[in-house]
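Structural description and commentary
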Amino acid sequence: MNGELSGGTNGVMNETKPGPEEPINGEKTGEMKEPHTYYGIRKPEPMHFETADIVLAFGMLIIGFLYWNLIRIDSLGLGVTLFAAVLWGAASVYFRISGIKQTRAGLLASGVFLLSAVNFVLFDITLIKGLNFIFISLAFVFWVLVTAGKRLEEKISLYAISDMFYQLLVIPFTNFSGCFSGIRQVFAKSKRGKGVLSGILGILIFLPVLVMVITLLSSADAAFEGIIDHIRFSVSENLFEYLFQIILGLPVACYLYGMLYGNRYQRNTGNVTLESVNKNLDFFRFAPGVTVYSAMTALNLIYLVFFLAQASYLFSAFEGSLPQTMTYAEYARRGFFELCAVSAINLAVIAGAHLIAKRDRVKVLRGETIALCIFTIALLATAMSKMGMYISYYGLTQLRVYTSWFMVLLLAFFIIILLRQFKSFQGTQAALVSFLILFMVLCYGNIDGLIAKYNIERYQAGTLESVDLESMSYLSDAAVPELYRLYQETEDEGFKKDIKAAILGNLYEEHSGSVAAVSFRDFNLQSYQADAIRNTLTEAGAN
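Residues numbered from 1 in each chain as written. Predicted model: local features only at pLDDT ≥ 70, side-chain atom pairs only at ≥ 80, totals over all residues. Heavy atoms only, no water.

Once that is clear, we can look at the overall build of the chain. Along the backbone of the chain there are 23 helices and two strands. Counting across all 543 residues of the chain, residues that qualify as buried make up 43%. Put simply, the chain shows about 28800 Å² of open surface, and 65% of that area lies on carbon and sulfur atoms. (Helix = DSSP H or I, 4+ residues; strand = E, 2+ residues; numbered from the N terminus. Buried < 20%, exposed > 50% of the residue type's maximum accessible area, 1.4 Å probe, protein only. Areas by Shrake-Rupley, 256 points an atom, 1.4 Å probe, with all protein chains shown as cover.)

So, on to a nonpolar patch on the surface. A grouping of F165, L169 and F173 is seen on the molecular surface, where their side chains present a nonpolar patch of about 310 Å² in accessible area. Within the element layout of this structure, F173 appears in helix α5 (residues 160-174). (Patch = residues over 30% accessible without salt bridge, like charges linked within 9 Å, V, L, I, M, F, W, Y side chains within 5 Å. Salt bridge = Lys/Arg side-chain N within 4 Å of Asp/Glu carboxyl O.)

For the rest of this paragraph, the subject is helix α21 (residues 493-504). For α21, spanning twelve residues, the distance from its first C-alpha to its last is 16 Å, which sits close to the expected 16 Å at 1.5 Å a residue. Among the residues of α21, those classed as buried are F495, K496, I499, A502 and I503. Viewed along the axis of α21, the buried residues span an arc of 125 degrees, placing them on a single side of the element. α21 presents E493 and K497 as exposed residues on the side facing more than 90 degrees away from its buried surface. Where α21 begins, the side chain of D492 points an oxygen toward the backbone nitrogen of G494, at a separation of 3.0 Å. (Expected span 1.5 Å × (residues − 1). Arc of directions from axis to C-beta. Polar contact = N/O pair within 3.5 Å; in protein donor to acceptor, adjacent residues only side chain to side chain.)

This brings us to the environment of E154. Take E154: it is sitting in the loop between α4 (126-148) and α5. Classification of E154 as exposed rests on a relative accessible area of 61%. Along the chain, E154 and A105 lie 49 residues apart, while their C-alpha atoms are 8.9 Å from each other.

So, about the state of the cysteines. Scanning the model with the defined rule gives zero disulfides in all. This cysteine, C254, is not joined by any disulfide, and C179 carries the nearest cysteine sulfur, 4.9 Å off. (Disulfide = S-S within 2.5 Å.)

Let us look at the packing of α5 against helix α9 (residues 239-265). One can describe the packing of α5 onto α9 by two numbers: an axis separation of 7 Å at closest approach and a directional angle of 95 degrees. For the element pair α5 / α9, the angle class is roughly perpendicular. In this structure, α5 contributes Q167, L168, I171, P172 and F173 to the contact, and α9 contributes C254, Y255, G258, M259, G262 and N263. Its residues placed into classes, the contact of α5 with α9 shows seven nonpolar, four polar and no charged. (Axes fitted to C-alpha atoms, helices over the stretch in contact; angles between N-to-C directions. Parallel < 35°, antiparallel > 145°, perpendicular 65-115°, else oblique. Contact = heavy atoms within 4.5 Å. Nonpolar A, V, L, I, M, F, W, Y, C, P; charged D, E, K, R; others polar.)

Okay, the pattern of salt bridges next. One pass over the full model with this rule turns up eight salt bridges. Here R264 and D53 are joined by a salt bridge, their closest N and O atoms 2.7 Å apart. Linking R264 in helix α9 with D53 in helix α1 (residues 51-70), this pair joins segments that are 211 residues apart in sequence. Neither residue differs from the other here; R264 and D53 are each classed as buried. Several salt bridges converge on common partners, so that one network encompasses E50, D53 and R264.

This paragraph deals with the packing of aromatic side chains. For any pair of aromatic rings, the description consists of the separation of the ring centres together with the inter-plane angle of the planes. Applying the stated criterion to the full structure yields 25 aromatic pairs. Ring geometry for F65 and Y242: centres 6.1 Å apart, planes at 75 degrees, overall edge-to-face. Of this pair, F65 sits in helix α1 while Y242 is found in helix α9, placing the two residues 177 residues apart along the sequence. Since its relative accessible area comes to 21%, F65 is described here as partly exposed. Ring pairing ties together the aromatic residues W88, Y94, F95, F113, F140 and W143, which thus form one cluster. We note R400 situated over the ring of Y390; from NZ or CZ to the ring centre the distance is 4.4 Å. (Phe/Tyr/Trp six-rings, centres within 6.5 Å; stacked < 30°, edge-to-face > 60°. Lys NZ or Arg CZ within 6 Å of the ring centre and 35° of its normal.)

Moving on to unusual backbone geometry. For L76, which is not a glycine, the phi torsion comes out positive at approximately 50 degrees. The residue L76 is located in the loop between α1 and α2 (78-97) in this model. For N446, which is not a glycine, the phi torsion comes out positive at approximately 50 degrees. Exposure remark for N446: the relative accessible area of 23% places this residue in the partly exposed category.

Moving on, we get to helix α18 (residues 447-461). An α-helical segment advances 3.6 residues per turn. Residues three or four places apart therefore align on the same side. Taking 1.5 Å as the rise per residue, α18 with 15 residues should run 21 Å; its terminal C-alpha atoms sit 21 Å apart, in good agreement. Inspection of α18 places I447, D448, G449, I451, A452, N455, I456 and R458 among the buried residues, and these make up the whole buried set. Where α18 is buried, its residues touch α4, α15 (362-394), α16 (398-420), α17 (427-444), α19 (469-472) and α20 (480-489). Once α18 ends, the next one or two residues include G462, with phi positive near 85 degrees.

Along the polypeptide, H354 turns up in helix α14 (residues 336-356). Note on H354: relative accessible area 2%, which makes it buried.

Looking at the chain, pLDDT values average 81 and 78% of them are 70 or higher. Here helix α22 (residues 507-512) stands out as the element of the chain with the lowest mean pLDDT, 43, in contrast to α2, whose mean of 96 is the highest. Note that residues 1-41 has pLDDT below 50 and, in this model, 69 contacts with residues that lie over four places away or in other chains. Residue range residues 506-517 is modelled with pLDDT below 50. Its contacts to residues more than four positions away, or to other chains, number 29 contacts. (pLDDT = per-residue confidence, 0-100.)

Another point: the packing of α18 against α20. When two helices pack together, their arrangement is given by the angle between their axes and by how far apart the axes lie. At their nearest, the axes of α18 and α20 sit 9 Å apart, and the two run at 25 degrees to each other. Compared by their axis directions, α18 and α20 come out roughly parallel. Contacts from G449, A452, K453, I456, E457 and Q460 of α18 reach α20 at E482, L483, R485, L486 and E489. Among the residues forming the contact of α18 with α20, the class breakdown is four nonpolar, two polar and five charged.

On to the nonpolar core. Core analysis: the largest hydrophobic core is formed by 108 residues, its most contacted members being M60 and F140. Of the residues forming this core, the biggest block, twelve residues, is contributed by α16. When near neighbours in sequence (up to four residues on either side) are disregarded, F140 contacts L87, W88, A91, F113, L256 and M259. The next biggest cluster of nonpolar side chains, apart from the first, holds eight residues, and it includes L152, Y159, V272 and V277. (Core = buried A, V, L, I, M, F, W, Y, C linked by side-chain atoms within 4.5 Å.)

The next point concerns the environment of F413. Relative to the helices and strands, F413 is located in helix α16. The spatial distance from the C-alpha of F413 to the C-alpha of F435 is 8.8 Å, given a sequence separation of 22 residues. With residues up to four places along the chain from it excluded, the contact list for F413 reads L347, A431 and F435.

Here it is, written out as structure tokens:
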């Protein structure tokens with residue numbers, strides 16, 4: 001992180017070149033003029049549309065509708081996978097027709113995106129699916145960025161933050177009107193076509209107001225309410241839902257179209273270069289080096305005193321022994337989350353120090369970073385040892401697994417930062433790869449099934465006192481097969497009855513507020529298997 005964000009060669013991200021018959025900046029002469037910019041963004045250029053652009057515009061209206069029709073936020077099942085496949089397929093065909101070929105980096109990004117999409121149809125863990133939904137949205141944007149070749153650097157570096165900012169906010173919204181402009185090309189050929197298009201748009205835009213007025217009038221007059229009820233009975237009950245989804249899908253369509261169209265034609269992609277980004281970063285380097293180094297030195301001294309004062313207490317976890325007068329639960333819990341929080345704060349301190357410190361004494365900053373990394377790695381190792389001891393005596397829970405995962409991620413980051421101080425390598429790429437591997441492990445690790453299996457096997461082996469059915473009731477349908485296996489193997493009729501009640505109680509839905517699958521959009525394999533087990537138990541009980 002010394003000097004520039006990356007040691008790569010400088011290059012222009014968004015240099016717009018006119019076509020062979022396109023005048024520069026609207027001039028008819030051969031004179032070259034500097035394009036007008038506003039806050040680093042080029043003055044909007046006229047849009048022109050080929051057949052592929054117009055087809056994409058109509059296609060994006062369908063995709064915008066599918067976004068709301070297929071994706072159910074309360075379930076995030078097969079619908080997300082189907083939508084991701086349709087969106088990726090449409091974008092791939094559009095880029096291919098436009099002459100934009102997939103690079104090796106683009107294929108890798110596609111693989112990560114599709115691997116993330118498949119997860120929704122396989123697993124049933126709400127938290128992980130929610131995180132994965134955010135991840136897959138960013139993964140698609142990154143795929144577009146890589147495929148269109150709009151990166152500041154070909155390699156992965158911190159400049160990707162600037163790239164993603166433009167892909168997420170600048171390009172889609174500065175080309176937001178492109179979808180309707182492309183559609184208008186079809187209807188603009190005749191006066192009648194313009195009138196039809198204007199009428200359709202007027203109805204769609206004004207429809208929410210009409211629905212609101214109709215609802216209020218229905219509440220005010222019984223006769224009018226009867227007429228509306230008769231109309232609703234005569235028309236498909238899903239029609240109004242579809243119309244609502246079409247309206248909500250319009251901004252989604254415009255956003256996605258603006259991103260794809262803007263990247264194809266490099267329209268309003270900005271004129272950001274490596275030099276301009278580095279110049280902006282210099283603005284943040286306002287703090288004198290001595291100020292930053294003094295603060296980091298004070299922080300490192302505090303950690304040194306902390307470790308010296310608490311050495312025997314902290315590191316007893318490595319030996320598996322307990323301080324006197326403390327139980328395993330008290331020892332493992334005390335200060336555990338505080339140590340995790342301090343580690344995360346240290347990561348922010350290192351990033352902030354490298355961002356705001358003036359580069360007058362780089363070696364001092366490197367030394368302070370090394371010391372802070374070493375102390376943080378020691379804190380994380382201590383916290384992980386405490387967690388290991390806690391799990392060995394009390395089993396697994398979701399919180400313990402997720403916290404352990406987060407600690408491993410922080411540990412990987414700090415090791416990379418530490419090594420980066422001694423040897424120059426692509427640290428950002430190493431951090432990104434580490435995150436991707438760990439995130440995929442989290443998504444495909446079947447966490448809830450693993451928790452249930454671990455605790456049940458420990459219980460059957462006699463190393464865990466009991467199986468906490470109450471805590472397992474907060475797990476997803478992934479835990480049902482393991483509970484069913486325990487149900488089949490146990491001979492205690494009372495315990496067997498409790499397990500059966502827990503399984504038939506729809507564990508996940510009852511405690512987490514999730515709803516059972518009601519359509520193909522909500523389908524996932526784990527819920528399907530759990531429902532099959534419940535049906536088996538129900539039929540057996542009936543007999």
